[in-house]
Amino acid sequence: MVKFSKQFESQLVPEWKEAFVDYWQLKRDLKKIHVLSNNTTANKQQQTSFPNTLFSSLRNSLFGHQHREHGAIHVHKKLASSVSNEDMYETELAEEFAETDHAAHEFFACLDHQLNKVNQFYRTKEREFLERGDLLKNQIEILVELKNALKQQRRRSSSSHDSKEEVSISGTISCDEESNRGKTGEEQGKENKTEELDKNEPEFSDSAKPDEMGRSMSVKREEGRMKTVSGRVINCQGKNLRIHIPLTNPSRTFSAITYLLWDDLINQSSKKCGPEGYRLHINRAKLHHAEKMIRGAFIELYKGLGYLKTFRNLNILAFMKILKKLEKVTNKQVLPIYLKVVESSYFNSSDKIMKLEDEVEDIFVRHLAEDDRRKAMKYLKPTHRKESHTVTFFIGLFAGGFIALLAGYVIMAHLTGMYRPKSDTLYMETVYPVLSMFSLLFLHFFLYGCNIFMWRKTRINYSFIFELAPTKELKYRDVFLICTTSLTAVIGVLFAHLALVAKGHSYAQVQAIPALLLLVFLLLLVCPFNIFYKSSRYRFLCVIRNIILSPFYKVVMLDFFMADQFCSQVPMLRNLEYIACYYITGSFNTQDYGYCMRTKKYRDLAYAVSFLPYYWRAMQCARRWFDEGQTSHLVNLGKYVSAMLAAGAKLAYEKESSIGWLCVVVAMSSAATVYQLYWDFVNDWGLLQFNSRNPWLRNELMLRRKFIYYCSMVLNLILRLAWLQTVLHSSFSCLDDRVTRLFLAALEVIRRGQWNFYRLENEHLNNAGHFRAVRTVPLPFHEVDEED
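These numbers come from a predicted model, not from an experiment.

Participant: Would you take a moment to explain the overall build of the protein for this structure?
Facilitator: On a plain count of helices and strands, the protein comes out with 29 helices and ten strands. A total of 788 residues make up the protein; the buried ones form 46% of that total. Taking the intrachain contacts of the protein between residues at least 6 apart in sequence as the baseline, contacts between residues at least 24 apart amount to 75%. By element, 58% of the accessible surface of the protein is carried by carbon and sulfur atoms, the whole surface being about 41,200 Å².

Have a look at this one:
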């Protein structure tokens, strides 16, 4: 049977852990009472005679019930302050607890503190969710009004003339000089720069008849600081509104830039503007974006309400369990008295959350799921995939196959002398890059599976941080299965290829095998059929697209986390570029493996590949600075610029090995290393806090053993110095230089795997510090004051 403390820790909301009952502290206080009680009982047994013991037992049997009627404790309720309606509870001991009296006072003081803390947090979150619920109700009303207006316009258009063009609500831009400066909601202030639903938003006329809504509209042009991509003011049913949609993709970004240019044209020609102004449109696609945002906000609200219900139920259970333990230790009847207070306290007696949850379900079913409750529940209550033991079986099967094939490949390579300093150059230049690329890729993927395992074990909510769908996210067993299966296939194919070469087959006969292996993996990656984790593959491709087009996509945690992974996979990217060049240019026909390094444009492309990951990451920092306005993103951008300069110096030194370039490499690489180490330890990991209660670490640690953090910092420092190999030219005397470079590249991948854990740990603790357990989704419609 699982202990309640472990069950409690596994079920609580990780980001709200500090707000839950501190069950472990209460158990420690109870243990003090238990120890003192045992000592007191032992002393009394030595000093008490049999007649006194008999008399004491008779007295307890005759009058003990009378004491229980009065109760062992009294719990007082009082207001926290004159301006607050929050109740505070304080327990007074009505009976003496003998030598444990002081410990009992401490225990009940802690218990009262936990109850008051739970009540206060519940009130705060309840108020927050109720306010969010009111906002979303208002949003859905506006959305329904706009959709009804669009439907009416579509019916009128279809009845008047048969048009194939997309129906939209039309209006005009007025040319008065009034400035409208709106204010966004609190949650919007935390988001990135946003854009409106259309280039020019309509204003529903108050005097318009209901059946003509959507046809008579006008918009007031904004000036001053609102002449940005932040949106314009419209009027709908007597409410001044601003419509926002975040700049999350290139089309919206270009649309915002177009708006800036268009707004300048309006300003320049305002005097020439006629009474009808310019035409504008809101079509169904625009409203679809707003509906998608509102749907996401409802899902997050419903998730938060579920968390609050879990918060209430677990805390009630925790109070009940600890009070039962107290009764066993003290042999005093306190459970009914204190549990009655807990059950009547605010966090258990309030039913506002239950009502709001029912309202959210009803609204979601009616307006966002087309009256289909089953469809609505797929959004609101997604079912998690169950982990199967079949996956574990195949992991073991393919792991065994991989180890056997790897042993055979190593023996075969040793017998043929492929990896010795004077090895088969053609094999090392054409086949070995394929092996190196797959080795680095799946080593990285394996470490990601280890990261998932550790994140789950330490209760780090990586799914929330990465915004992964609970029904589609990869579990660590899935990652290990992909790794073992893929590596078994890769080593098996390359073992067969090496065996054919060893038997005397020419490279012209077998050189297509590595290319076909790479082609099969690329086809599996883009396979449109719902096999081989389709949702995860497509999510990966979307992230790659977001990284490549970094300045034009809103940067989220998963995007810049993945871009950081590419910064550690530069050797893999260079191998991929070389293999693509070798086969695409037709060099494999003549077996001219040096063509790609002799041709200037391909050599320059190889250099560009070395810079691309740092460039992408720098562009992401620039975009985040543009969106959020925090100078820390510019400082982070400088880190990647220094890395690019260091990489350029290394490439120049490889091309021209001179003392001057060697000095430049040492200077640039040293500066970049210090920069990166500082950012790793202080910003990414949150360590090196001098005022922390854990020396040189931070106050909150997810791992119990502190020495692991110190060892990780030292290891990160050592692995960051791998660039010294460029200066020292160190290598294994019995192996080819390419094998040494693969070993160093693998060390960098291992360093990144270690970095990943502490980076997510720090992000999780930041979320927990602000009790962020659900995302704040920006809303499309924002009401503004008329005088603004």
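Participant: Whenever I open this one, the pattern of salt bridges confuses me. Can you help?
Facilitator: Side chains carrying opposite charge are able to pair once their charged atoms draw close together. As enumerated under the stated definition, the model contains 26 salt bridges in all. We note a salt bridge from K309 to E357, for which the minimum N-O separation is 3.2 Å. Placement of the pair is K309 in helix α7 (residues 284–330) and E357 in helix α10 (residues 352–368), with a sequence separation of 48 residues. Residue K309 is classed as partly exposed on the basis of its relative accessible area, which comes to 25%. A relative accessible area of 7% means that E357 is categorised as buried. A salt bridge links E361 to R373; its shortest N-O distance comes to 2.8 Å. Of the two residues, E361 is situated in helix α10 and R373 in helix α11 (residues 373–380); the sequence distance between them amounts to twelve residues. By sharing partners, the salt bridges in this structure join E300, K303, E467 and R775 into a single network.

Participant: When you look at the packing of helix α14 (residues 432–457) against helix α16 (residues 476–502) in this model, what are you seeing that I'm missing?
Facilitator: To characterise two packed helices, one gives the angle between the axes of the helices and the distance between these axes. Where α14 contacts α16, the two axes come as close as 9 Å, and the packing angle between them is 160°. One element, α14, and the other, α16, form an angle in the roughly antiparallel class. For the pair α14 and α16, the crossing hand works out as left-handed. Across the interface between the two elements, L435, F438, F442, F445, F446, Y448, G449, C450, I452, F453 and R456 of α14 pack against Y476, V479, F480, I482, C483, S486, L487, V490, I491 and L494 of α16. For the contact of α14 with α16, the class distribution of residues is 18 nonpolar, two polar and one charged.

Participant: Please explain the state of the cysteines as it appears in this structure.
Facilitator: Think of a disulfide as a covalent bridge from one cysteine sulfur atom to another cysteine sulfur atom. By the definition in use, this model includes one disulfide. Paired by a disulfide, C581 and C596 hold their sulfur atoms 1.9 Å apart. Looking down the S-S bond of the C581 and C596 bridge, the torsion is -105°, so its handedness is left-handed. In this pair, C581 is assigned in helix α21 (residues 570–584) and C596 in helix α23 (residues 595–598), connecting sequence segments 15 residues apart. The class of C581 is buried, set by a relative accessible area of 4%. Unpaired in terms of disulfides, C483 finds its nearest cysteine sulfur in C450, a separation of 8.6 Å. By relative accessible area, which is 2% here, C483 ends up buried.

Participant: Explain the packing of aromatic side chains to me, please; I cannot follow it from the model alone.
Facilitator: The geometry of an aromatic ring pair is captured by two quantities: the separation of the ring centres and the angle between the planes. One pass over the full model with this rule turns up 40 aromatic pairs. Taken together, a centroid distance of 5.0 Å and an interplanar angle of 75° make the contact between F4 and Y23 edge-to-face. With F4 in helix α1 (residues 4–11) and Y23 in helix α2 (residues 23–47), this residue pair connects regions lying 19 residues apart in the sequence. A residue is classified by how much of its surface remains accessible, and F4, at 10% relative accessible area, is buried.

Participant: Would you explain the confidence of the model for the protein in this entry?
Facilitator: Low-pLDDT portions of the prediction should not be read for the details of their coordinates. In the predicted model, the protein carries a mean pLDDT of 79, and the fraction of residues at 70 or more is 76%. Overall, residues 170–233 carries pLDDT values under 50, and its contacts beyond four positions in sequence, including any with other chains, amount to 208 contacts. Ignoring residues within four places in sequence, the model shows residues 268–280, a span with pLDDT below 50, making 29 contacts including any to other chains.

Participant: Explanation requested: the side chain of S642 in the structure shown.
Facilitator: Within the secondary structure layout, S642 lies in helix α25 (residues 631–655). Among the polar contacts listed, one links the side chain of S642 to the backbone oxygen of K639, at a separation of 2.5 Å. Among residues more than four places away in sequence, those in contact with S642 are A672 and Y675.

Participant: Please clarify how the packing of helix α19 (residues 534–548) against helix α20 (residues 557–567) should be interpreted in this entry.
Facilitator: Their axes nearest at 9 Å, the elements α19 and α20 cross at an angle of 80°. Judged by the angle between their axes, α19 and α20 are roughly perpendicular. Facing R539, F540, V543, I544, N546 and I547 of α19, the residues of α20 in contact are L558, D559, M562, A563 and F566. By residue class, the composition of the contact of α19 with α20 is eight nonpolar, one polar and two charged.

Participant: What exactly am I supposed to notice about unusual backbone geometry here?
Facilitator: Comment: phi is negative for the bulk of residues other than glycine, and the bulk of peptide bonds are trans. The phi dihedral of L688 falls on the positive side, at around 60°, and the residue is not glycine. With relative accessibility at 23%, the residue L688 sits in the partly exposed group.

Participant: It is not clear to me how α11 should be interpreted in this structure. Could you clarify?
Facilitator: One turn of an α-helix holds 3.6 residues; hence residues three or four places apart share an orientation. When α11 is considered as a whole, its buried residues turn out to be A376, M377 and L380. Seen from one end, α11 has its buried residues packed into an arc of 100°, which puts them on one side. For α11, exposure combined with an orientation more than 90 degrees from the buried face picks out R374 and K378. Residues of α11 that are buried in the fold lie against α7 and α10. By the N-cap criterion, in which a side-chain oxygen at the helix start approaches the backbone nitrogen of a residue two or three places on, α11 is capped by D372, the distance to R374 being 3.2 Å.

Participant: Any chance you could explain the side chain of N119 here in plain terms?
Facilitator: Position of N119 relative to the elements: it lies in helix α4 (residues 101–160). Those residues in contact with N119 that sit more than four places away from it in its chain are Y89, S345, Y346 and F347.

Participant: Would you explain a positive patch on the surface in this entry?
Facilitator: A cluster of basic side chains, namely K3, K6, K27, K321, K324, K325, K328 and R704, defines a positive patch on the protein surface. Ranked by the residues each element gives to the positive patch, the list is headed by α7, at four residues. The topology assignment puts K324 in helix α7. The partly exposed category is assigned to K324, whose relative accessible area is 39%.

Thresholds applied
Residues numbered from 1 in each chain as written. Predicted model: local features only at pLDDT ≥ 70, side-chain atom pairs only at ≥ 80, totals over all residues. Heavy atoms only, no water. Helix = DSSP H or I, 4+ residues; strand = E, 2+ residues; numbered from the N terminus. Buried < 20%, exposed > 50% of the residue type's maximum accessible area, 1.4 Å probe, protein only. Contact = heavy atoms within 4.5 Å. Areas by Shrake-Rupley, 256 points an atom, 1.4 Å probe, with all protein chains shown as cover. Salt bridge = Lys/Arg side-chain N within 4 Å of Asp/Glu carboxyl O. Axes fitted to C-alpha atoms, helices over the stretch in contact; angles between N-to-C directions. Parallel < 35°, antiparallel > 145°, perpendicular 65-115°, else oblique. Left-handed = near helix turned anticlockwise from the far one by under 90°. Nonpolar A, V, L, I, M, F, W, Y, C, P; charged D, E, K, R; others polar. Disulfide = S-S within 2.5 Å. Phe/Tyr/Trp six-rings, centres within 6.5 Å; stacked < 30°, edge-to-face > 60°. pLDDT = per-residue confidence, 0-100. Polar contact = N/O pair within 3.5 Å; in protein donor to acceptor, adjacent residues only side chain to side chain. Arc of directions from axis to C-beta. Patch = residues over 30% accessible without salt bridge, like charges linked within 9 Å, V, L, I, M, F, W, Y side chains within 5 Å. Lys, Arg positive; Asp, Glu negative; His and termini not counted. Charge placed at Lys NZ, Arg CZ, Asp CG, Glu CD.

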